[in-house]
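What follows is the residue order along each chain.
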Amino acid sequence: MEIGNIPTLIALELGINQFSGYLPHNICRTGSLTHFTASSNHLSGPIPKFLKTCTSLFRVRLEGNQLTGNISEVFGVYPSLNFIDLSNNQLYGEISPNWGLCLNLTTLRIAANKLTGFIPAEIGNATQIHELDLSSNSLVGTIPKEFGGLTSMVKLMLDGNQLSGRIPLEFKSLTDLEYLDLSANKFNDSIPSFVGDFHKLYYLNLSNNKFGQVIPFQLGKLIQLSQLDLSFNAVEGQIPSDISNMQSLEILNISHNNLSGFIPTSFEDMHGLSYVDISYNYLEGPLPNNKAFQAATREALRGNKGLCGNTRFLQPCNKQSPKKDHKLVFLIMFLILGALALLAFIFALVVKRKKKHQHGEKTNMSEEFSYSILKLDGKTMFEEIVRATEDFDPMYCIGQGEQGSVFKATLSSTYTVAVKKLHLPCDDDKNLQKTFLNEIRALTEMRHRNIVKLYGFCSHMLHSFLVYDYLEKGSLATMLSKDEEAKELGWSKRVNIVKGVAHALCYMHHDCLPPIVHRDISSKNILLDDEYEACVSDFGTAKFLNPDSTNWTALAGTYGYIAPELAYTMEVNEKCDVYSFGVVTLETVMGRHPGDLLSSLFSGACSSSSTALPAHQMPVLDVLDQRISPPAGEVAGEVVSVVKVAFACLNSSPQSRPTMKQVSQHLSTKRLHLSGPIAMITCGELLASNGFTAS
């Protein structure tokens, strides 16, 4: 007897098996089915039509398969439905307002699918909902204010979408919340102070958004909270001392923000704290005498120039020089004043050029103009750099490119900078003028820790150059080309380099207005500091994606990194950078440019190795850099995840490549747990399922 012919079938439990194929049909023919579970199998194909009209359903679990279908069409209204989990499938379409008519629904999970569109306000009518999980989709828009009516909500997960705007004021009525995750979206404005009234919260994650202003001191009232993550935002000001009232807090991550000042000494009383990450802020002064701070890794502390303490990663506090503190204050003052003057200069330059154009005057590039945002004024900087490089003697040259040469210069003010000297401009050299102004414009408008810092520029009839932060380790290409230096790049460092480049490109593509396409991402343009943190450089070919701009008339980029579609079209968009990022990512883990592997992987041809295996059958282990030991443990999973991301970015179809926001979020939040030894994983397996939703 077929399952669908069983009379008065009430419950069907098929979960946690190895079933494949389609879901059974007609199992609700008698209208008595209440419990249906087929989770954690290998089922595929469309959702059966019977589910739309099976109004007797009480509990449904279909998560962890590869089921397809338009979610707005295959589900109906279920008066008795209490629990449904559709997570980790391939469902698409927009969320139906009908879920708001399921008035007895307490749990709705549709995470990790391909949902798009807005969250329907009607869900606010299902007031019995205790748990709502819509994470890891592509939802847009704002959180409906109607969610304020979901006063029974205990667990809310909207992370990993593209939601924006502010958290609605109506949210303050959700006082029963215990778990709130809004991370990896585009929420802005400030963190609402009423979150401090969610006294039952034990997990709060607002990371990877655009929250600004200060951390509300009211968060200190969350005495049940065990994990707080506010990282990768733009919150500023000092850390509220009230945070130390969170005596249950175990994990604190406030990294990658604009926090400043001293860490409150009251943090020493947080005895339950076991992990902190305060990296990449502007914090100063001593670390609290607390086990979590004292045991913090270098990565958890880096990026704060003024911290001191008794750890091996920081200077002892008693050796801090007051002069250095004063120098830092003066430097900040000069940077701020210089930045304001730079904006005024650029504005004046634009007005002047516009007036000349209106009067038909010809621009004379021999006219001198110079400027600096270091301590030196423009003329002094020019003279200092000429002196420091002995009039750009080749002995100070540390790199050469098509548009100019890079020199190392140590100024009398003790700054060591990198100077990119452009080829001498001529009156009619419009391309070089455009290159110079493009790089100035790109770098002065960008502020990101993984993008090289511009300290100043100078345009003169003798020399035109840009002054950058000097990064000690040089380019990624140089590091990988030398065996001894390549051995210093362990797998964790390489994964971190890839993440840094991804974060920089995500910022350029999604956080700059207008968006910026680099157009020349290559290992030569990835620079490393003394802690092997990656910074993207060389913006001479950058294109600003204005809405009315689609094409450029000249091909830009480095051979071997250029997206294949540029061979037959000159259309420039973000997906060109995505492809180049994929090449750089593979190069980072392989230790060399992937070369023939690219064509063989995507054509199914044999590799050039001695085994002559088809590239799809090659073990991933054979692709990795053989100069260092194979990755193991959690690092192995991260490396495989990085390779998987690279393959997705190298898709020959631009539309099928992920966005850099998806890549950045994936590398920041996803952890790939290997089902077997890394030696058993082939390139073909990673090509077959990239795990991204193209957009």
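Residues numbered from 1 in each chain as written. Predicted model: local features only at pLDDT ≥ 70, side-chain atom pairs only at ≥ 80, totals over all residues. Heavy atoms only, no water.

Draft legend 1. Highlighting the state of the cysteines. Taken as a whole and assessed by the stated rule, the structure comprises two disulfides. Two residues, Cys28 and Cys54, share a disulfide whose sulfurs are 2.0 Å apart. Across the disulfide from Cys28 to Cys54, rotation about the S-S bond amounts to roughly 80 degrees, and the bridge is consequently right-handed. Note that Cys28 is positioned in the loop between β2 (20–21) and β3 (35–37) and Cys54 in the loop between α1 (50–53) and β5 (59–61), a separation of 26 residues in sequence. Exposure class is identical for Cys28 and Cys54. Each is buried. Here Cys308 pairs with Cys317 through a disulfide, and the sulfurs are 2.1 Å apart. Judged by the sign of its S-S torsion, about 95 degrees, the bond between Cys308 and Cys317 is right-handed. Since its relative accessible area comes to 4%, Cys308 is described here as buried. Numbered by position along the chain, the disulfide-linked cysteines of the protein connect as 1-2, 3-4. (Disulfide = S-S within 2.5 Å. Helix = DSSP H or I, 4+ residues; strand = E, 2+ residues; numbered from the N terminus. Buried < 20%, exposed > 50% of the residue type's maximum accessible area, 1.4 Å probe, protein only.)

Draft legend 2. Structural detail: the side chain of Arg494. In this fold, Arg494 is placed in helix α10 (residues 491–510). Relative accessible area serves as the criterion here: at 1%, Arg494 is assigned to the buried category. A polar contact of 3.1 Å, which involves the side chain of Arg494, links it to the backbone oxygen of Ala486. Polar side-chain contacts of Arg494 include one of 2.9 Å to the backbone oxygen of Thr588. For Arg494, the contacting residues outside a window of four places in its chain are Leu480, Ala486, Leu489, Thr588, Val589, Gly591, Asp625 and Ile628. (Polar contact = N/O pair within 3.5 Å; in protein donor to acceptor, adjacent residues only side chain to side chain. Contact = heavy atoms within 4.5 Å.)

Draft legend 3. Inspection of the confidence of the model for the protein at higher detail. Residue-level pLDDT values for the protein average 82, and 78% of them are 70 or greater. Here residues 546–554 is modelled with pLDDT under 50, and outside its nearest four sequence neighbours on either side it reaches 17 contacts, counting other chains as well. Note that residues 605–611 has pLDDT below 50 and, in this model, 14 contacts with residues that lie over four places away or in other chains. (pLDDT = per-residue confidence, 0-100.)

Draft legend 4. Up close: the nonpolar core. Counting residues in each nonpolar core, the largest one holds 91 residues, and the members touching the most others are Phe36, Leu62, Phe75 and Trp99. Secondary structure elements with two or more residues in this core: α1, α2 (71–74), α3 (291–294) and α4 (298–301). The contacts of Trp99, once residues within four sequence positions are left out, are Phe75, Tyr78, Leu81, Ile84, Leu86, Leu105, Leu108, Ile110, Ile123 and Ala126. Counting residues in hydrophobic clusters, the runner-up holds 63 residues, among them Val578, Val589, Val640 and Val645. (Core = buried A, V, L, I, M, F, W, Y, C linked by side-chain atoms within 4.5 Å.)

Draft legend 5. Spotlight on the sheet that holds strand β14 (residues 162–165). With parallel pairing, three strands are arranged side by side in an open sheet as β12-β14-β16. Edge positions in the open sheet fall to β12 (140–141) and β16 (186–187), since each of these has one partner strand only. For β14 and β16, the ladder comprises two bridges, and the chain directions are parallel. Within β16, the residue paired with Gly165 across the bridge is Phe187. (Pairing = 2+ DSSP bridges.)

Draft legend 6. Examining the packing of α10 against helix α15 (residues 660–669) more closely. Contact pair α10 / α15: the axes reach a minimum separation of 8 Å and the direction vectors enclose 145 degrees. α10 and α15 meet at a crossing whose hand is left-handed. Two secondary-structure elements touch here, α10 through Val498, Lys499, Ala502, His503, Leu505, Cys506, His509 and His510 and α15 through Met660, Lys661, Val663, Ser664, Leu667 and Ser668. The residue makeup of the contact of α10 with α15, split by class, is seven nonpolar, five polar and two charged. (Axes fitted to C-alpha atoms, helices over the stretch in contact; angles between N-to-C directions. Left-handed = near helix turned anticlockwise from the far one by under 90°. Nonpolar A, V, L, I, M, F, W, Y, C, P; charged D, E, K, R; others polar.)

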